[in-house]
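# Secondary and tertiary structure notes
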Amino acid sequence: MSKKYELVKKDKIEFNGHTLYRIKALKDINEYMKKGDFGGYIEKEENLSQEDECFVYENAKVYGDSELSGCTTAMDNAVVRDIKADCATFEGDSIVIANEKFTIKGDVTFSGSVKVLASFGEEYTFGDGSCFTGDNVVQLEEGNVIDVSDSDVSRDVFNFNYEEKKKKKMKLIVDGDRLKEAVNGIKTGLGNAKMNLLYETIGMWTENENLVLETQDDITKMTAIIPCDIEEQGQFRCNGTTFINLVSQFGGDVVEFKSNGDALTLKQGKAKVKVKEVQGFVAKDKDEDNLFQAEFEVDGAKLSEAISRALVCVSKNDARLLLRCINFAKRGDQMRVCSLDGFRVSRYYVPIVGETAEFSASMPTKAVPSVIALCDTNETVRVKIGATRIAFIGKSGAIFSGLYDGQYYDVDKNFPTNSPYSITTDLKELKRAVGLASITVDSTFNTMELAFDIANKQLAISSQKDNAESAVAVDFETNSDQQDIAISLNSQFVTECLKQIKSDTVVLELTNEQRPIIIRSEESENSFLLLPIRRI
């Protein structure tokens, strides 16, 4: 079979994290597309069949796991992602995307500025001649896709909602401070509208005697629960940034929520603001109750401290995802909270309450601020871990986060069980010495030397640069009878680790000059590991 088109490798664009290539016809396709004519953009040949009359025209973009075949066409400025179609037309400024591959059967047209979002991987047959048009958001949800075969779908409003909820009036009163606290805890969950228009929204609904607020993107889902006085049960969804900015201006007095379905009015004292509704609901997880294999409780304050310490050693821009996350793993009756950036490691243990299965979960740092806020306001936090998601649940709300794939590094083997050098010193004095030495470090290498005089039990911390040098002595205690030892370390790393130690004294453990140094509090196994800077 001869190919009907080829990818023009020199004519490429970056679009939503994907590299797309313009296509060129190698033979006459139809009266509009002749041999040598250029078409639109695709990511790979799997996106467009080399058979039949299907084609991508003008500036249309087809990518991801899309498979267009048969008589399907994409033209104008249409965007198609993860869609399989055999007789569809994508035109105008329409955007048709799915979270999983979604198969469209039937002669269906998507035109105008319509945004169609399929939140599940299914095959659905639309009636021939169906047309989605206008400036609408169409949310296709599992279990509630409306059969449009005999209906006029070119109407003004589309709201395919998996819970089959209809617009309801909502009226309630909530404490202003509690509302601001809740919003601050979930605002990092707002996502990119280019992936899903509903990711930039905040959803809210009444449940029992509470107001529930929720944000969600492709990685995290964050939920806050606020006690309130409810006059009318209901639900609402609006632009998240607008809602958060408005709430941030409120004081501590009560805030009145009042919705007529099309708009939500927020009133506090003499101040009154109104936000418009955004239609549609982000789909729930499939079989959500079975997503998690491990479940247990931990102390909220201890988990908050563990995650805060781990954040110090997370890489900010390394291409390796497992260096840009926090790992949770079962170690006996404790949960190890760990991070590393290639130069240092943070390892912290949090006791587990209850029996649970083995687990290892690597969580992206995006959810960290909200998880810490949740832990700080809940004495006990329930943790649920599955293959693809982790959840932190408290009385005031819940944080759900996706997980990175891949086996986490075996960091425990780098921590020696018996170090020949174990030195205990005053934390305040060590911080002062490190701070002074940090002033004169060379900006190129940022290095300071720690020289341990074992016989005299004295640590000398020194550094130098072109126009200055410093040396500060600190006394220590040790039972070691080894020879003197010196090690060079990154001064910034030492400073950041010492800030996380909360005890009055600190323990430094060494094996030799070429091996990592362990920094920990005296009464705890919670520790930092720093690689030395080898002197040449």
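Look up: the structure comes first, before these words.
Now for a look at the structure at hand. Here the structure is a predicted model, which is why all the values come from computation and not from measurement. (Residues numbered from 1 in each chain as written. Predicted model: local features only at pLDDT ≥ 70, side-chain atom pairs only at ≥ 80, totals over all residues. Heavy atoms only, no water.)

## Topic: the overall build of the protein
We count it as follows: Where helices and strands are cited, they refer to DSSP runs of H or I of at least four residues and of E of at least two residues respectively, numbered from the N terminus. Burial classes: relative accessible area under 20% of the type maximum marks a residue as buried, over 50% as exposed, and values in between as partly exposed (1.4 Å probe, protein chains only). Contact between two residues is taken to exist if any of their heavy atoms lie within 4.5 Å; hydrogens are not considered.
Counting its secondary structure elements, the protein contains six helices and 41 strands. In the protein, buried positions account for 50% of the 536 residues. Residue pairs at least 24 apart in sequence account for 51% of intrachain contacts in the protein once pairs closer than 6 positions are excluded.

## A word on unusual backbone geometry
Of note in this structure, N16 is not a glycine but carries a positive phi near 50°. Structurally, N16 is set in the loop between β1 (5-15) and β2 (18-25). You will see that N446, though not glycine, has its phi angle at about 55°, which is positive. Along the chain, the position of N446 falls in the loop between α5 (427-439) and β34 (447-453).

## Points about the pairing of strand β3 (residues 38-42)
Which entries qualify depends on this criterion: Strand pairing follows a simple DSSP-based rule, namely that at least 2 bridges must link the two strands.
Here β3 lies mainly inside the structure; four of its five residues are buried. Taken together, the three bridges between β2 and β3 define a ladder with antiparallel strand orientation. Within β3, the residue paired with Y21 across the bridge is I42. Relative to strand β5 (residues 61-63), β3 runs parallel, the two sharing two bridges.

## Considering the pattern of salt bridges
For clarity, the threshold we go by: Whenever Lys or Arg places a side-chain nitrogen within 4 Å of a carboxyl oxygen from Asp or Glu, that contact is recorded as a salt bridge.
Going through the model one piece at a time under the given rule, you end up with 17 salt bridges. Within this structure, R331, R336, R347 and D412 form a network of salt bridges that share partners.

## Quick notes on the sheet that holds strand β25 (residues 292-299)
Just so we agree on the cut-off: Interaxial angle, 0 to 180 degrees, is taken between N-to-C directions of lines fitted to C-alpha atoms, where a helix line uses only the stretch in contact.
Read from one edge of the open sheet, eight strands run β21-β17-β18-β19-β32-β31-β30-β25, paired in antiparallel fashion. Since the sheet does not close on itself, it has two edges, and those belong to β21 (235-239) and β25, each with one partner. On average, adjacent strands in this sheet sit at an angle of 15° to one another, irrespective of strand direction. Contacting β17 (201-207) and β21, helix α2 (residues 240-247) runs over the sheet at an angle of about 95° to β21.

## Comments concerning the pairing of strand β41 (residues 527-530)
Going residue by residue along β41, you find S527 and L529 tucked away on one face and F528 and L530 tucked away on the opposite face as well. Judged from the four bridges that link them, strand β28 (residues 344-351) and β41 form a sheet pairing that is antiparallel. Its bridge partner lying in β41, S346 is registered against F528. Bridge analysis of strand β40 (residues 517-521) against β41 gives four bridges, and the strand direction is antiparallel. By the bridge assignment for β41, I519 is matched with F528. What sits between β40 and β41 in their antiparallel hairpin is a turn of five residues.

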